[in-house]
Amino acid sequence: MLSGNLAKALSNQFNAEYYSAYLYLAMSSAADAMGLKGVANWLFVQAQEEMAHGTHIFEYILERGAAPDFNDIITPPAVFSDAGRIFEMVLEHEQKVTASINNIATLAMQESDHACYQFMMWYVNEQVEEESNATEILNKLKLISGNNGLLMNLDAELSTRVFVNPFPAKA
Ligand code: OFO
């Protein structure tokens, strides 16, 4: 069974993943309003991933004999100036998520909960990819720097992203 501290930390993370989904849906909506359908698609898929991350943690808390807590999920920002600002915020947000994931992994290590530590390693590795993806898109937007033709090319590239459930149902 999970310790009280780990159950609380994982509950907070399960709620935080759902906040991430809220945030990315808000960004997706803003990008759609800017006419950037591909950016909107990328962020919509990102929101779907966050819900999958949150649900996976929810299921793990139950599997380990604890009960998840449900926190209030705060309203995400509604106004974003441009795609560059959106991806700056994506990167800043993911860096905060990385810190939170690392804290839970550290707690699991301190408590010698090897199963929880192992569970958290998937999220530790996922955060490397999350930060890398956000950085790559942000760097491209910086290079584009106001060139609408190049922005449309990037938008087309981002329109191809599709959601793949990272945790397919167990057979
Ligand atoms: Fe769940 O990885 Fe982003 O926040």
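Not measured: the values here are computed from a predicted model.

Draft legend 1. Representation of the pattern of salt bridges within the structure. What the rule picks out here adds up to eight salt bridges. For the salt bridge of D32 with K37, the shortest nitrogen-to-oxygen distance reads 2.9 Å. By relative accessible area, which is 35% here, D32 ends up partly exposed. A relative accessible area of 52% places K37 in the exposed class. One salt bridge in this structure joins E49 and R161, with 3.2 Å as the shortest N-O distance. Here E49, found in helix α2 (residues 37-63), pairs with R161, found in the segment after α5 (148-158); they are 112 residues apart in sequence, far enough to count as distant.

Draft legend 2. Main features of the nonpolar core. If you look at the biggest cluster of nonpolar residues, it comprises 29 residues, and the most contacted ones within it are M27, L43, I86, F87 and V90. At the level of secondary structure, the elements contributing two or more residues to this core comprise α1 (4-33), α2, α3 (83-110), α4 (114-144) and α5. With eight residues, the single largest contributor to this core is α1.

Draft legend 3. Here's a closer look at the environment of N148. When you line up the elements, N148 lands in helix α5. N148 sits 112 residues away from L36 along the chain, and the two C-alpha atoms are 11 Å apart.

Draft legend 4. Just unusual backbone geometry, in detail. One non-glycine residue with positive phi stands out, namely S112, at about 55 degrees. Relative to the assigned elements, S112 resides in the loop between α3 and α4. With phi around 35 degrees, S145 is a residue other than glycine that occupies positive phi space. Relative to the helices and strands, S145 resides in the loop between α4 and α5.

Draft legend 5. Broad picture of α3. With 28 residues, α3 extends 41 Å between its outermost C-alpha atoms, agreeing within 8% with the 40 Å of an ideal straight helix rising 1.5 Å per residue. In this structure D82 caps α3, since a side-chain oxygen of it lies 3.2 Å from the backbone nitrogen of G84. Phi turns positive, to about 55 degrees, at S112, one or two residues after α3.

Draft legend 6. Examining α4 more closely. Taking 1.5 Å as the rise per residue, α4 with 31 residues should run 45 Å; its terminal C-alpha atoms sit 46 Å apart, in good agreement. Buried within α4 are the following residues: C116, F119, M120, Y123, E126, Q127, E130, A134, I137, L138, L141 and I144. Against α1, α2, α3 and α5 lie the buried residues of α4. Looking one or two residues past α4, S145 carries a phi angle of roughly 35 degrees, positive in sign.

Draft legend 7. Seen up close, the environment of K8. Summarising the element assignment, K8 is placed in helix α1. Separated by 30 residues in the primary sequence, K8 and G38 have C-alpha atoms spaced 37 Å apart. Ignoring sequence-local partners within four residues, the contact set of K8 consists of D69 and N71.

Rules behind the numbers
- Residues numbered from 1 in each chain as written.
- Predicted model: local features only at pLDDT ≥ 70, side-chain atom pairs only at ≥ 80, totals over all residues.
- Heavy atoms only, no water.
- Salt bridge = Lys/Arg side-chain N within 4 Å of Asp/Glu carboxyl O.
- Buried < 20%, exposed > 50% of the residue type's maximum accessible area, 1.4 Å probe, protein only.
- Helix = DSSP H or I, 4+ residues; strand = E, 2+ residues; numbered from the N terminus.
- Core = buried A, V, L, I, M, F, W, Y, C linked by side-chain atoms within 4.5 Å.
- Expected span 1.5 Å × (residues − 1).
- Polar contact = N/O pair within 3.5 Å; in protein donor to acceptor, adjacent residues only side chain to side chain.
- Contact = heavy atoms within 4.5 Å.

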